[in-house]
Amino acid sequence: MYNRIVRNVPAMRNPFRYGEVVRGDRFGGRERERQELMADILNGQNVVVISPRRFGKTSLVLEVLADIADSVPSAYVDLLRVPSVEHLPSALATEFARLLSPGDRMIDRVRRLFDDLALRPKFGVDEAGRPTVEFEPGASAADIGLTLDGLFQLPGRIAERRKTRVAVVFDEFQSVVDLDTGLPARMRAIFQLQADVAHVFLGSRRHVIERLFTGENEPMFRMAKVFPLGPIPADEFGPFIHGRFVSTKSPISAEAVERILSITGGHPHDTQELCYFTWAETSANGIYPIPPTAVDRALDRVLDAENARYGALWDRLAVSQRSLLVALSRESDAGVYEAKFRRRHRLGEPTSVARAAGRLVDLEVIAPVPGPGAVYRIVDTFLPAWLRRLMAPMGDR
Ligand SMILES: Nc1ncnc2c1ncn2[C@@H]1O[C@H](COP(=O)(O)OP(=O)(O)OP(=O)(O)O)[C@@H](O)[C@H]1O
Ligand SMILES: [Mg+2]
């Protein structure tokens, strides 16, 4: 069924990418989410997109903003790149200046917009010719607060002036509380009056973000529609993966695609990573269409690549935590306090298992599975395979 083809192909670029934002033909599936988010923004609806790390929040939002760029100007603020609240006014001002129409981006027009702020801005242009706005360091907390209030109002004023909706994205929004615990209340007071501004908040520390937006006593309570982002379903990811392989003249078998998705469960980043290694494995002089065994070899390469990261985690764990983790890598649907499970995996008393589980949950290495019984799963896609490889007898490796 599989033919070995000796090929002399010009060097092709790996069609998969992981670790950075993906756009255009590197972005797959998510058609429903794309339409829904687009409609929300066009309606001026505030949205909070929540998912675990590396599920594709930033990629999705940037794709949607590009789709509607002609009718909705947008600003994008990545709060992870704002080291302290003193840096926030410059970051906001520079991004918000980009909401102006190109005709309004003349320095004197930009200047007028920032005229009535507590702090005096300095204006410039970046390499791409876009306006930049900076504030002098060393301002008092009170002046920074007043300036932030003024800046938070700008998107609303620009929307009014341009007679259009505008979108303002805050990426890594969970960091807002690290900058200043009073910021969410400050934002809410102003954002809730801005009918023509769609605020899009992206966040990955689920408990922090959910508490902020769904806790009754929290300042952002009911401020935004909750938009959970899950894995990419197999019927969307499968054709995308297939298409990417074919686009580089590397046909892949349906079984191999299935194998990839059964390992990753459609986790966007980890699927692209496994695809990347599968493509690299077979591109030199592989067997086509690519068989599932190539995916297994690629998984081994992924584990090699991630070895340092998993090794560092392993080093940090206490013996009881390691034992529980190994047990879960072998058997993931049993209650961890069950006598049989504890005996089979030599886990000791329930109190010690509980302590180990609690610590691993805090470290976000494992997560409780909703439902009856104390069932946990390992969060990281490839960690179970790494643990099984670590525990395999030497001869099996
Ligand atoms: N729609 C998609 N199609 C294919 N791959 C995707 C898609 N979305 C995300 N990915 C993969 O996931 C990786 C992470 O995407 P992205 O940075 O957008 O996620 P994120 O949720 O914003 O991550 P972080 O939590 O680090 O901010 C990308 O590098 C890419 O490999
Ligand atoms: Mg992101």
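As the structure is a prediction and not an experimental result, all values here were calculated from the model.

Student: Describe unusual backbone geometry, and please don't skip the residues or the numbers.
Tutor: Residue Tyr 288 is joined to Pro 289 through a cis peptide bond whose omega torsion reads -5°. Not every positive phi belongs to a glycine, and Lys 249 is a case in point at roughly 55°. As for its position among the elements, Lys 249 is in the loop between α9 (234-247) and α10 (254-264). The exposed category is assigned to Lys 249, whose relative accessible area is 54%.

Student: Break down the packing of aromatic side chains for me, with residues and values.
Tutor: As enumerated under the stated definition, the model contains 15 aromatic pairs in all. Between Phe 170 and Phe 201 the ring centres are 6.0 Å apart and the planes differ by 15°, which places this aromatic pair in the stacked class. Of this pair, Phe 170 sits in strand β6 (residues 166-171) while Phe 201 sits in strand β7 (residues 197-203); the two residues are 31 residues apart in sequence, bridging distant segments of the chain. One aromatic cluster is present, built from ring pairs that chain together Phe 152, Phe 170, Phe 173, Phe 191, Phe 201 and Phe 213.

Student: Hey, could you go over the pattern of salt bridges for me, with residue numbers and the actual values?
Tutor: Taken as a whole and assessed by the stated rule, the structure comprises 28 salt bridges. Note that Glu 36 and Lys 225 form a salt bridge whose closest N and O atoms lie 2.9 Å from each other. One end of the pair, Glu 36, is in helix α1 (residues 31-42); the other, Lys 225, is in strand β8 (residues 225-228), and 189 residues separate them in sequence. Overall, the relative accessible area of 29% leaves Glu 36 in the partly exposed class. One salt bridge connects Glu 331 with Arg 344, and the closest N-O pair in it is separated by 2.7 Å. Of the two residues, Glu 331 sits in the loop between α14 (319-330) and α15 (339-344) while Arg 344 sits in helix α15, which places them 13 residues apart along the sequence. Here the salt bridges share partners, and the residues they tie into one network are Arg 30, Arg 32, Glu 33, Glu 36, Asp 40 and Lys 225.

Student: Outline helix α8 (residues 206-214), supporting the account with residue identities and numerical values.
Tutor: Buried within α8 we find Val 208, Ile 209, Leu 212 and Phe 213. All buried residues of α8 project into a common sector of 110° when viewed along the axis, lining one side. Tucked inside the fold, the buried residues of α8 contact β2 (47-50), α6 (176-179), α7 (183-191) and β7.

Thresholds applied
- Every chain begins its residue count from 1, and numbering advances along the sequence as written.
- Note on labels: chains are lettered from A, ligands numbered from 1, in written order.
- Restriction of local features to residues with pLDDT of at least 70 applies here, the model being predicted, together with a cutoff of 80 or more for giving and counting side-chain atom pairs; totals for whole chains, interfaces and linings are based on all residues.
- Only heavy atoms go into the side-chain values, all of them from the structure, while hydrogens and water stay out.
- In this description a helix means any DSSP run of H or I spanning at least four residues, a strand means any run of E spanning at least two, and both kinds are numbered starting from the N terminus.
- Three exposure classes are used, based on accessible area relative to the maximum for each residue type with a 1.4 Å probe and protein chains only: buried under 20%, partly exposed in between, and exposed over 50%.
- For Phe, Tyr and Trp, where Trp contributes only its six-membered ring, two rings pair if their centres lie within 6.5 Å, and the inter-plane angle classes them as stacked under 30 degrees, edge-to-face over 60, or tilted in between.
- The term salt bridge refers to a side-chain nitrogen of Lys or Arg lying within 4 Å of a carboxyl oxygen of Asp or Glu.
- Arc, as used here, means the arc of the directions from the helix axis to the C-beta atoms.
- Contact criterion: two residues are considered in contact whenever any of their non-hydrogen atoms come within 4.5 Å of each other.

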